[in-house]
Amino acid sequence: MNSLMDSLPPGWQRNEADYWANRAQLLTHSRDQWIGFANGRVIASGTSPVDVLHAAQQSGLHPFVTCDGREPEPCQMRRVVFSYDPTYPSEALPAQEVALNP
């Protein structure tokens, strides 16, 4: 049976291993910050995981992204599905039905 790890690029696995090897030093200046780590250095950091992920991925270095010092804490994601109004000019807007109580 294949693992999800098998589908990751080798650069990502190397960057994760390098992160853990350098974690103690990184904690001194990036604790509680989201960081993108690649090629032995922090290539992106900030408080927004999405912003850091996008900035780090632009490097093309298969960065390892984590919240430094909070790795054991679970990340919660929620998937929401809703329809769009394709008739709205410009770009489609989410459509939501609202019931008013009299």
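Just so you know, these numbers come straight off a predicted model, no measurement behind them.

Asker: I'm lost on the packing of aromatic side chains in this one. Help?
Answerer: Working definition: an aromatic ring pair is given by the centre-to-centre distance plus the angle between the planes. Summed over all chains, the structure comprises four aromatic pairs. Ring geometry for tryptophan 12 against phenylalanine 64: centres 5.4 Å apart, planes inclined by 65°, an arrangement best described as edge-to-face. You can see tryptophan 12 sitting in helix H1 (residues 10–30) and its partner phenylalanine 64 sitting in strand E3 (residues 64–67), a full 52 residues away along the chain. Consider the rings of tyrosine 19 and phenylalanine 64, whose centres lie 5.2 Å apart with planes at 45°: the pair is tilted. Here tyrosine 19, found in helix H1, pairs with phenylalanine 64, found in strand E3; they are 45 residues apart in sequence, far enough to count as distant.

Asker: Explain the pattern of salt bridges to me, please; I cannot follow it from the model alone.
Answerer: Where side chains of opposite charge bring their charged atoms close, a pairing between them can arise. In this structure the tally under the stated criterion is three salt bridges. As a salt-bridge pair, glutamate 71 and arginine 23 come within 2.8 Å of each other at their nearest N and O atoms. Here the residue glutamate 71 occupies a position in the loop between E3 and strand E4 (84–85), and arginine 23 occupies one in helix H1, the gap between them amounting to 48 residues. On the basis of relative accessibility, which here comes to 18%, the residue glutamate 71 falls in the buried class. For arginine 23, a relative accessible area of 22% puts it in the partly exposed group. Note that aspartate 32 is salt-bridged to arginine 70, the shortest N-O span being 2.8 Å. Here the residue aspartate 32 occupies a position in the loop between H1 and strand E1 (34–38), and arginine 70 occupies one in the loop between E3 and E4, the gap between them amounting to 38 residues. Look at aspartate 32 and you get partly exposed, because its relative accessible area is 39%.

Asker: Explain the side chain of threonine 66 here, please?
Answerer: By secondary structure assignment, the location of threonine 66 is in strand E3. With sequence-adjacent residues up to four places away left out, threonine 66 is seen in contact with Tyr19, Gln33, Trp34, Ile35 and Glu71.

Asker: What am I meant to see in H1 here?
Answerer: Spacing of three or four residues puts side chains on the same side of an α-helix, whose turn is 3.6 residues. The end-to-end C-alpha separation of H1 is 25 Å, well short of the 30 Å expected for 21 residues at 1.5 Å each. Along its length, H1 shows its largest kink, about 70°, at arginine 23. Taken as a whole, H1 has its buried residues at Gly11, Asn15, Tyr19, Leu26, Leu27 and Ser30. Packing partners of the buried residues in H1 comprise E1, strand E2 (41–46) and E3. One or two steps after H1, the chain reaches aspartate 32, where phi turns positive at roughly 65°.

Rules behind the numbers
Per chain, residues are indexed from 1 in the order of the written sequence. Whole-chain, interface and lining totals are the exception, using all residues; otherwise, since this is a predicted model, local features are given only for residues with pLDDT of at least 70 and side-chain atom pairs are given and counted only at 80 or more. The side-chain numbers reported here are obtained from all heavy atoms of the structure, hydrogens and water having been left aside. Pairing of aromatic rings covers Phe, Tyr and Trp, the last counted by its six-membered ring, and requires centre-to-centre distances within 6.5 Å; plane angles under 30 degrees mean stacked, over 60 mean edge-to-face, and any other angle means tilted. Helix numbers and strand numbers start at the N terminus; a helix is a DSSP run of H or I with at least 4 residues, a strand a run of E with at least 2. For salt bridges, the criterion is a side-chain nitrogen of Lys or Arg within 4 Å of an Asp or Glu carboxyl oxygen. Remark: exposure states derive from per-residue accessible area (1.4 Å probe, protein chains only) relative to the maximum for the residue type, with buried under 20%, exposed over 50%, and partly exposed in between. In this analysis, two residues are considered to be in contact whenever any of their non-hydrogen atoms come within 4.5 Å of each other. Between the first and last residue of a helix there are one fewer steps than residues, each counted as 1.5 Å, and that sum is the expected span. In this scheme, the bend at a residue equals the angle between the axes fitted to the seven residues that finish there and the seven that begin there.

In short, the description is geometric, and any link to function would need to be established separately.
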